[in-house]
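# Overview (structure and organization)
Now for the letters of each chain:
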Amino acid sequence: MENIGIWLDKEKAHIVSLKNDSETFNTVVSEIENYRPSGGSGTKSAKWGPQDVVQDSKYLERENHQYKLYFENLVKAIGKTESLALFGPAETAARFKKYLDKKHPLTATKVKTVTKADSMTDNQVKKLVRDYFKT
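To start, this report covers the structure provided alongside it. Not measured: the values here are computed from a predicted model.

### Structural notes on the pattern of salt bridges
- Following the criterion strictly, the structure yields six salt bridges and no others.
- As a salt-bridge pair, Lys10 and Glu63 come within 2.7 Å of each other at their nearest N and O atoms. Of the two residues, Lys10 sits in the loop between strand S1 (2-8) and strand S2 (12-19) while Glu63 sits in helix H1 (residues 56-78), which places them 53 residues apart along the sequence.
- A relative accessible area of 15% means that Glu63 is categorised as buried.
- Between Arg130 and Glu23 there is a salt bridge whose closest N-O contact spans 2.8 Å. With a gap of 107 residues between them, Arg130 in helix H4 (residues 122-133) and Glu23 in strand S3 (residues 22-29) connect regions that are remote in the sequence.

The following block contains the structure:
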């Protein structure tokens with residue numbers, strides 16, 4: 001029986017796989033860009049500052065596409081598992097669960113928990129997953 005715990009945020013996911021008495025640890029990097037709009041007229045003499053329009057929708061669409069690629073990489077890394085636990089400091093774990101519900105419903109049924117967890121070291125992530133599955 002294989003149990004997988006994933007601690008994930010916007011930057012990376014740590015995947016801990018527990019099978020029988022063995023434990024494996026992998027990291028998947030997201031490659032999601034940070035949103036930093038740039039623009040401006042380049043003139044400091046403008047009465048109300050830079051007047052260029054920054055298209056938020058373009059950046060949000062790009063971010064959504066990057067999330068989709070990130071989540072698909074996680075689904076490939078998970079493979080076939082008996083049960084899955086998701087942990088993370090922000091909304092990324094819940095977002096991944098919603099993605100699974102929509103695109104991979106069979107895998108979504110194996111999710112046992114979506115729990116908020118602060119940033120952790122690799123060893124703390126391993127311990128969190130071991131404690132959750134009691135091995």
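### Some details on the nonpolar core
- Grouped together as the largest cluster of nonpolar side chains are 21 residues, with contacts concentrated most on Ile6, Leu8, Tyr70, Leu74 and Phe96.
- For this core, the secondary-structure elements that each account for two or more residues are S1, S2, H1, strand S4 (83-88) and helix H2 (92-103).
- At six residues, the largest contribution of residues to this core is made by H1.
- Residues within four places of Leu74 in sequence aside, it is in contact with Leu8, Ala13, Ile15, Val28 and Phe96.
- Grouped together as the second largest cluster of nonpolar side chains are nine residues, Trp7, Leu18, Ala117 and Val125 included.

### Concerning the sheet that holds S1
- Read across the sheet, five strands follow the order S3-S2-S1-S4-S5 without closing on themselves; strand pairing throughout is mixed. In the strand order of this sheet, the two ends are held by S3 and strand S5 (111-116), each with one partner. Within this sheet the neighbouring strands show an average axis-to-axis angle of 15°, counted without direction.
- Examined bridge by bridge, S2 and S3 share eight bridges and lie antiparallel to one another. When the bridges of S3 are listed, Ala13 appears paired with Val28.
- Sheet contacts for H4: S1, S2, S3, S4 and S5; angle to S2, the most-contacted strand, approximately 45°.

### Describing H4
- With twelve residues, H4 extends 17 Å from end C-alpha to end C-alpha; this agrees with the ideal 16 Å at 1.5 Å per step.
- Among all positions in H4, only Val125, Lys126, Val129 and Phe133 are buried. Take H4 and look down its axis: the buried residues cluster within an arc of 100°, on one side only.
- Elements in contact with the buried residues of H4: S1, S2, S3 and S4.
- At the exit of H4 stands Lys134, carrying a positive phi of roughly 55°.

Rules used in this analysis
Residues numbered from 1 in each chain as written. Predicted model: local features only at pLDDT ≥ 70, side-chain atom pairs only at ≥ 80, totals over all residues. Heavy atoms only, no water. Salt bridge = Lys/Arg side-chain N within 4 Å of Asp/Glu carboxyl O. Helix = DSSP H or I, 4+ residues; strand = E, 2+ residues; numbered from the N terminus. Buried < 20%, exposed > 50% of the residue type's maximum accessible area, 1.4 Å probe, protein only. Core = buried A, V, L, I, M, F, W, Y, C linked by side-chain atoms within 4.5 Å. Contact = heavy atoms within 4.5 Å. Pairing = 2+ DSSP bridges. Axes fitted to C-alpha atoms, helices over the stretch in contact; angles between N-to-C directions. Expected span 1.5 Å × (residues − 1). Arc of directions from axis to C-beta.

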